[in-house]
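Residues per chain are reported as follows:
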Amino acid sequence: MTRFLTGAATAALCVAFVTEAAATEWNVSVWGKRRAFTEHIEKLAELVSEKTGGEFTMNVSYGGLSKNRENLDGISIGAFEMAQFCAGYHPDKNRVITVLELPFLGVNTLEEEVAVSHAVYAHPAAVEEMAQWDAMYLMTSPMPQYNIVGTGEPRDELAEFDGMRVRATGGIGKAFESVGAVPTSVTSSEAYQAMESGVVDTVAFAQHAHLSFGTINEADWWTANLNPGTVNCPVVVNIDAYESLSDAEREALDSSVPEAIDYYLENYGKLLTRWDEVLEEKGVEKVMLSDDTIAAFRTTAADPIREAWIADMESQGIPGQELYDLVIETLNTTRAGN
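What comes next is a walk through the structure. (Residues numbered from 1 in each chain as written. Predicted model: local features only at pLDDT ≥ 70, side-chain atom pairs only at ≥ 80, totals over all residues. Heavy atoms only, no water.)

Looking now at the side chain of asparagine 147. Tracing the backbone through its elements, the reader meets asparagine 147 in strand 5 (residues 147-150). Separated by 2.9 Å, the side chains of asparagine 147 and asparagine 227 make a polar contact. (Helix = DSSP H or I, 4+ residues; strand = E, 2+ residues; numbered from the N terminus. Polar contact = N/O pair within 3.5 Å; in protein donor to acceptor, adjacent residues only side chain to side chain.)

Below, the structure written as C-alpha cells:
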C-alpha cells in the first residue's frame, strides 16, 4: 500500500510539473505609463490569455525591463519576448520603416496609418532587417499627425520657426530643421523636463503623449493643423520565442492582433473626440496656421527630405523608391476601399 501511495503521489507530481511547464509566459517591455499608446498591447495580452485558457500570458512592464531606446537590443538578446519602440530612437537599426516617418506623407487617419505601416512591415526588406535583431514585426502603434505645443507667443508663421528649439524625432525633426528650427531628440519621458527647464520651446507629440507626459500642462498654445507627419512605433517579438510557441498559442497571438488594433482605434478615437475639451480645461490656445504657411512648410520640407531619404537608402542597398511607392499605393488603395 505504501508503495502504491508513493507511486500515485509521484504520478500526481509529474502531472503537476508537466502542466506547469506547458504554460507560456512572456515579458513585454514598454515605457512611461499605461495610456492610449499601449492599449493594444494590454488588449493583446487579455485576448491571448482568454483564448488559451490562461496558458499563454504576457506581463507588460512599463520601464521595468529596459529603457525605451534599448528595447530592440533587449529583444535581440532574448532579454524579453515582446517590446515596443519608435523608429526615430535608433533609425540606423530600423532604416526601412523610417519611410513611414517622412514628413507630409498625406496620411489622414489612424486606419490609414495602420494600413501603410503593416504594408511596410511585410516588405521583405523590413523583414530581413528586423531578423538581424532576431525580431519580427507584430503590429504597429498608430498615431495621428503630430502637432506642437509651445510656451510664450504662438508661432503661426513659418519665419517664427527659425531658431525654435523643438523636441522632435525622425522625419518630423528633419522637417523642422529644414525651416530653421533646432530639433532635439530627447525621449518622450524627458520631454516635460526639457520643456519645463527651457531646454526646448516646443514639443511635437500626438495628443495622447501631450497628456501622458505632461507637456500640455506647460503649454500656452497648440497647433491644430500643422500636421507635419508622425512617428512609427512598432511592436516586435523575439523570433525564437515566437517559433517556440505551440500552434495553438501562435494562432491565439496572430488572430488577436486585428482585434487589439480595432480596440486601440476605438479607444484613441474617444481621446480625439474630447481633445478640444482638454485644451479648454487647461487654458491652451488652439492655433490654426494659414494654408499658405502650411504649403510653404510642405514645399520646403517634403520633397527635398523625401528625395534625400530615397537616395540614402538606395546607396545602402535598401529599395527606398520601392518602399516610398508602396506607402503611396497602399494609401490610395485604402482610401479607394473606403
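The geometry of helix 12 (residues 291-315) relative to helix 13 (residues 320-337) is characterised by a closest axis approach of 7 Å and an angle of 130° between their N-to-C directions. Considering their axes alone, helix 12 and helix 13 lie oblique with respect to each other. Residues Arg306, Trp309, Ile310, Met313 and Glu314 of helix 12 form the contact with helix 13, whose own contacting residues are Gly320, Gln321, Leu323 and Tyr324. When grouped by side-chain class, the residues that make up the contact of helix 12 with helix 13 number five nonpolar, two polar and two charged. (Axes fitted to C-alpha atoms, helices over the stretch in contact; angles between N-to-C directions. Parallel < 35°, antiparallel > 145°, perpendicular 65-115°, else oblique. Contact = heavy atoms within 4.5 Å. Nonpolar A, V, L, I, M, F, W, Y, C, P; charged D, E, K, R; others polar.)

The next subject is the state of the cysteines. Considering all chains together, one arrives at one disulfide under this definition. Each sulfur of the disulfide joining cysteine 86 and cysteine 233 lies 2.0 Å from the other. Every disulfide takes its handedness from the sign of the S-S torsion; for cysteine 86 and cysteine 233 that torsion is 100°, giving right-handed. With cysteine 86 in the loop between strand 3 (82-84) and helix 4 (110-121) and cysteine 233 in the loop between strand 9 (221-223) and strand 10 (235-238), this pair connects stretches of sequence that are 147 residues apart. Overall, cysteine 86 belongs to the buried group, its relative accessible area being 9%. For cysteine 233, a relative accessible area of 0% translates into the label buried. (Disulfide = S-S within 2.5 Å. Buried < 20%, exposed > 50% of the residue type's maximum accessible area, 1.4 Å probe, protein only.)

Now for the pattern of salt bridges. Following the criterion strictly, the structure yields 13 salt bridges and no others. A salt bridge links glutamate 46 to lysine 43; its shortest N-O distance comes to 3.2 Å. On the criterion of helical spacing, the pair formed by glutamate 46 and lysine 43 is a turn pair, its members being three residues apart in helix 2 (residues 39-51). The closest approach of N and O atoms between arginine 335 and glutamate 112, which form a salt bridge, is 2.9 Å. You can see arginine 335 sitting in helix 13 and its partner glutamate 112 sitting in helix 4, a full 223 residues away along the chain. Overlapping salt bridges, with partners in common, bring together Arg34, Glu39 and Glu42 in one network. (Salt bridge = Lys/Arg side-chain N within 4 Å of Asp/Glu carboxyl O.)

Glancing now at the pairing of strand 1 (residues 24-30). Two faces belong to every sheet, and in a regular strand the side chains alternate between them. Summarising burial for strand 1: five of the seven residues are buried, a large majority. Pairing geometry for strand 1 and strand 2 (residues 56-62), over seven bridges, is parallel. Counterpart to glutamate 25 in the pairing with strand 2 is threonine 57. A crossover connection joins strand 1 to the parallel strand 2 through helix 2; in handedness this β-α-β unit is right-handed. (Pairing = 2+ DSSP bridges. Right-handed = clockwise from strand over helix to strand, strands pointing away.)

We now examine the sheet that holds strand 1. Strand order across the open sheet formed by five strands is 2-1-3-10-4, with mixed pairing between neighbours. The two strands at the open ends of the sheet, each matched to only one other strand, are strand 2 and strand 4 (135-139). Each strand axis lies, on average, 25° off the axis of its neighbour in the sheet, ignoring direction. Bridge count between strand 1 and strand 3: two bridges; the pairing is parallel. When the sheet's bridge partners are listed, valine 28 is paired in strand 3 with methionine 82. The strands touched by helix 10 (residues 247-273) within the sheet are strand 1, strand 2, strand 3 and strand 4, with strand 4 carrying the most contacts at an inclination of about 45°.

Strand order in the open sheet formed by six strands is 7-6-8-5-9-11, and the pairing between neighbours is mixed. Of all strands in the sheet, those bounded by a partner on one side alone are strand 7 (182-184) and strand 11 (285-287). Each strand of the sheet is rotated relative to its neighbour by a mean of 25°, with strand direction disregarded. Relative to strand 9, strand 5 runs antiparallel, the two sharing two bridges. Bridge pairing links valine 149 to tryptophan 222 in strand 9. Each of strand 5, strand 6 (165-167) and strand 8 (202-205) is contacted by helix 7 (residues 188-196), which is oriented at about 155° to strand 8, the strand it contacts most.

Most peptide bonds take the trans configuration, and most residues that are not glycine carry a negative phi. With phi around 55°, aspartate 134 is a residue other than glycine that occupies positive phi space. The topology assignment puts aspartate 134 in the loop between helix 5 (124-131) and strand 4. Relative accessible area serves as the criterion here: at 18%, aspartate 134 is assigned to the buried category. One non-glycine residue, asparagine 227, lies in positive phi territory at about 50°. Topologically, asparagine 227 is positioned in the loop between strand 9 and strand 10.

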